[in-house]
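Coordinates in review
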Amino acid sequence: ALLASVPIVSVLAMMWMNHEGQSAEQISVFAKEIVWLLIPSLLIFIVMPLLIDRGWDFYPALGAGLVTTIIGYFLMIEIMTKYGIST
């Protein structure tokens, strides 16, 4: 679980941005935006286990968790836009 929790894709993306010549400030903005989008991404790890504990099968619970997460992303982007946080 510890290894899976490492944000490998985000780290690789920031390394790639640096390799392509992005400034440290641009990479910093990217990292800050990731923090805001982590909040809705946690929904899958909350919803899916709850549904499985209530007797749902794996794939329906996974699907519901993914749908919840996608809705969460859209809501978070709307909130970020409303408060002037760039996306």
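Above this text is the structure in question.
Residues numbered from 1 in each chain as written. Predicted model: local features only at pLDDT ≥ 70, side-chain atom pairs only at ≥ 80, totals over all residues. Heavy atoms only, no water.

1. Re the overall build of the chain
- A count of helical and extended segments in the chain gives five helices and zero strands.
- When the helices and strands of the chain are placed in sequence order, the string is α-α-α-α-α.
- Taking 12 Å as the expected radius of gyration for a compact globule of 87 residues, we find that the chain reaches 16 Å, considerably beyond that expectation.
- Dimensions of the chain, computed from C-alpha atoms along their principal axes, come out at roughly 50 × 35 × 15 Å.
- Within the chain, the fraction of its 87 residues that count as buried is 20%.
- At a minimum sequence separation of 6, the contacts of the chain that also span at least 24 residues come to 46%.
- Here the chain displays about 6,700 Å² of accessible surface, and carbon together with sulfur accounts for 73% of that area. (Helix = DSSP H or I, 4+ residues; strand = E, 2+ residues; numbered from the N terminus. Rg over C-alpha atoms; globule rule 2.2 N^0.38 Å. Buried < 20%, exposed > 50% of the residue type's maximum accessible area, 1.4 Å probe, protein only. Contact = heavy atoms within 4.5 Å. Areas by Shrake-Rupley, 256 points an atom, 1.4 Å probe, with all protein chains shown as cover.)

2. Points about the packing of aromatic side chains
- Enumeration over the complete set of coordinates arrives at one aromatic pair.
- For the pair F58 and Y59, a centre-to-centre distance of 4.9 Å together with 80° between the ring planes defines the contact as edge-to-face.
- Residue F58 is classed as partly exposed on the basis of its relative accessible area of 42%. (Phe/Tyr/Trp six-rings, centres within 6.5 Å; stacked < 30°, edge-to-face > 60°.)

3. Here's the deal with the nonpolar core
- If you look at the biggest cluster of nonpolar residues, it comprises five residues: V47, M48, L51, A61 and A64.
- Listing elements by their share of this core, those giving two or more residues are helix 4 (43-53) and helix 5 (58-82).
- At three residues, helix 4 tops the list of elements feeding residues into this core.
- Here L51 is in contact with W56, A61 and A64, once residues within four sequence places are set aside. (Core = buried A, V, L, I, M, F, W, Y, C linked by side-chain atoms within 4.5 Å.)

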